[in-house]
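A closer look at the structure
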Amino acid sequence: MKSQLHPKSHRIVVLAEGSFGVLESKTATVLVRYLAENVVAIIDSTRAGRDVSEVIGIGEGIPVVRDLGEAMRFQPTMLAIGIAPPGGELPRAWRAVLGEAIAAGLHVMSGLHRFLSEDAAFAALAARHNVVLWDARKPPANLPVATCKAAEVESTVVLTVGSDCRVGKMLSGIEITNAARARGLNAEFCPTGQNGIMVWGWGIAIDAVISDFTAGAAEQIVLEGAKNHEVLLVEGQGSLVHPGYSGVTLSLLHGSMPDAMIFCHQPSRTTVARYTVPLPSLSEMIAQYEMMAAPIKPAKVIGLALNCFDLSEADARDAIATAEAETGLPATDVVRFGAEKLVDAILAVHPAKSEQDSQD
């Protein structure tokens, strides 16, 4: 669950050859957003010579370079795979770059489904050069079936849920965690996907776990986080209305047994991405999550995190006001306007849980 390498202790070059962009290389973008002090360069020959901020709007001062040779001028100690392509396969043309990086003594951080540490050629080369191949998506062995132990923790557990994939469940969890820490709360982000793990340095990638054990994996994440923290922000995945990923969504809901939920949504979406499935109203989707949680452990949605990246500031404020009027819940765009409203909502739940525990 804990990584062999913590990315915050390394100088990272990110490989995103031919793919660097907000939508094309989500992993690279996430690393730049949250590990900007560690990322020393992005490799993409098609955008070489530009500043990262010119491409994705953040990361000012980080260069985009032509190849690994040019990147080595910035003295990296780690190479990160900056994309998560369909099927999780390593692009064949990238094998030579990885071999070159390992031979140069760079540790490698990957979120691919195909594990580099199980590739015989890479493993042998890494052993020869004393290099760690960290597969962030590789789950720990011997995960249990869920046993409802997450209900016993003293920490307040908050799960980010959502209307669809890629609406900001990870980003919202991190932003709320950081805002809660700034307010003096002993909060921890609990990653369940490879990008969150690569940023935070620990967690379990739920989508790589055998289905019988996904709720058990969520339970283990909560038990680990609760050892040293009073508030846990558990990263959600998928959506209850997503035809492909609803199973992992339900596993996280039942395995983590949250005290409350933050609902994440992109206001401009009307259908599930890549499908023709229409999205229900916000109120309907919130009711669905609360209904599915109730038999295992009742939990309410206490706030909304809206992803308004494709809206103007005025339209974003209108979308937030509309969501608040419809649901009666506090809403914000955590990137544009901060996560303070959602921290306030958690604080309103947190003392109530402590009081309930003392009565029990």
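Since the structure is predicted, the reported quantities are computational estimates derived from the model, not experimental observations. (Residues numbered from 1 in each chain as written. Predicted model: local features only at pLDDT ≥ 70, side-chain atom pairs only at ≥ 80, totals over all residues. Heavy atoms only, no water.)

1. Focus: the overall build of the chain
A count of helices and strands for the chain gives 12 helices and 12 strands. Relative to its length of 360 residues, the chain is compact, with a C-alpha radius of gyration of 20 Å against a globular reference of 21 Å. Excluding contacts between residues fewer than 6 apart, the proportion of contacts in the chain whose partners are at least 24 apart in sequence is 71%. If you sum the accessible surface of the chain, you get close to 15,200 Å²; carbon and sulfur atoms cover 51% of it. Between the averaged position of the 29 positive side-chain charges in the chain and that of its 40 negative side-chain charges there is a distance of 6 Å. (Helix = DSSP H or I, 4+ residues; strand = E, 2+ residues; numbered from the N terminus. Rg over C-alpha atoms; globule rule 2.2 N^0.38 Å. Contact = heavy atoms within 4.5 Å. Areas by Shrake-Rupley, 256 points an atom, 1.4 Å probe, with all protein chains shown as cover. Lys, Arg positive; Asp, Glu negative; His and termini not counted. Charge placed at Lys NZ, Arg CZ, Asp CG, Glu CD.)

2. Here's the deal with the packing of helix H9 (residues 246-256) against helix H10 (residues 282-293)
Contact geometry for H9 and H10: axes closest at 10 Å, N-to-C directions at 55 degrees. In terms of their interaxial angle, H9 and H10 are classed as oblique. The element H9 and its partner H10 pack so that their crossing is right-handed. Residues Thr 249, Leu 250, Leu 253 and His 254 of H9 form the contact with H10, whose own contacting residues are Tyr 289, Met 292 and Ala 293. (Axes fitted to C-alpha atoms, helices over the stretch in contact; angles between N-to-C directions. Parallel < 35°, antiparallel > 145°, perpendicular 65-115°, else oblique. Left-handed = near helix turned anticlockwise from the far one by under 90°.)

3. Regarding a nonpolar patch on the surface
Taken together, the side chains of Val 22, Leu 23 and Phe 309 define a hydrophobic patch exposed on the protein surface, amounting to about 320 Å² of accessible area. For Phe 309, a relative accessible area of 51% gives the class exposed. (Patch = residues over 30% accessible without salt bridge, like charges linked within 9 Å, V, L, I, M, F, W, Y side chains within 5 Å. Salt bridge = Lys/Arg side-chain N within 4 Å of Asp/Glu carboxyl O. Buried < 20%, exposed > 50% of the residue type's maximum accessible area, 1.4 Å probe, protein only.)

4. So, the pairing of strand S10 (residues 260-265)
Burial within S10 is extensive, with 6 of its 6 residues counted as buried. The alternating pattern of S10 places Ala 260, Ile 262 and Cys 264 and Met 261, Phe 263 and His 265 on opposite faces, both of which are buried. In the sheet, strand S7 (residues 156-162) pairs with S10 via 5 bridges, with the strands oriented parallel. Note on S10: the bridge partner recorded for Leu 159 is Met 261. Pairing analysis gives 6 bridges linking S10 to strand S11 (residues 300-306), with the strands arranged parallel. Looking across to S11, one finds that Ile 262 is bridged to Gly 303. (Pairing = 2+ DSSP bridges.)

5. Let's talk about the sheet that holds S10
Pairing is parallel in the open sheet, where 6 strands are placed in the order S8-S9-S7-S10-S11-S12. What marks the edges here is a single partner per strand, and that holds for strand S8 (187-190) and strand S12 (331-332). As defined by bridge partners, S11 adjoins S12 across 2 bridges and the pair is classed as parallel. The residue bridging Leu 304 from the neighbouring strand is Ala 331, located in S12. Set on the sheet, helix H6 (residues 169-182) makes contact with S7, S8, strand S9 (231-234), S10 and S11; between it and S8 the angle comes to about 165 degrees.

6. Side note on the pairing of strand S5 (residues 107-110)
Burial of S5 is two-sided: the residues His 107 and Met 109 facing one way and the residues Val 108 and Ser 110 facing the other way are all buried. Judged from the 3 bridges that link them, strand S4 (residues 78-81) and S5 form a sheet pairing that is parallel. If you follow Ala 80 over to S5, its bridge partner there is Met 109. In this structure, S5 lies alongside strand S6 (residues 133-135), joined through 3 bridges in parallel fashion. By the bridge assignment, Ser 110 is partnered in S6 with Asp 135. Where the polypeptide runs from S5 across helix H5 (residues 120-128) and back to S6, its parallel neighbour, the crossover connection is right-handed. (Right-handed = clockwise from strand over helix to strand, strands pointing away.)

7. A look at the pattern of salt bridges
The final tally for this structure, using the stated rule, is 17 salt bridges. Because the salt bridges share partners, they merge into one network encompassing Arg 66, Asp 67, Glu 70 and Arg 73.

8. So, the side chain of Thr 160
Positionally, Thr 160 belongs in strand S7. A residue is classified by how much of its surface remains accessible, and Thr 160, at 0% relative accessible area, is buried. Polar side-chain contacts of Thr 160 include one of 3.2 Å to the backbone oxygen of Lys 169. (Polar contact = N/O pair within 3.5 Å; in protein donor to acceptor, adjacent residues only side chain to side chain.)

9. Some words on the environment of Ile 296
Mapped onto the secondary structure, Ile 296 falls in the loop between H10 and S11. Classification of Ile 296 as partly exposed rests on a relative accessible area of 40%. Once you skip the residues sitting within four places of it in the chain, Ile 296 turns out to touch His 254 and Met 257.

10. A few points about the nonpolar core
Grouped together as the largest cluster of nonpolar side chains are 94 residues, with contacts concentrated most on Phe 20, Leu 31, Ile 42, Met 261, Phe 263 and Leu 304. Sequence-distant contacts of Met 261, that is, excluding residues within four places in its chain, are made with Val 158, Leu 159, Val 161, Leu 253, Tyr 289, Glu 290, Ala 293, Ala 299, Lys 300, Val 301, Ile 302 and Gly 303. Counting 25 residues, the second largest nonpolar core, distinct from the first, contains Ala 101, Ile 102, Leu 106 and Val 108. (Core = buried A, V, L, I, M, F, W, Y, C linked by side-chain atoms within 4.5 Å.)

11. Overview of the sheet that holds strand S2 (residues 39-43)
One open sheet holds the 6 strands; their spatial order is S3-S2-S1-S4-S5-S6, and the pairing between them is parallel. Among the strands making up the open sheet, the edge pair consists of strand S3 (64-65) and S6. Pairing between strand S1 (residues 12-15) and S2: 4 bridges, direction parallel. Bridge pairing links Leu 15 to Ile 43 in S2. On the sheet, helix H1 (residues 26-34) packs against S1, S2, S4 and S5 and is oriented at approximately 160 degrees with respect to S2.

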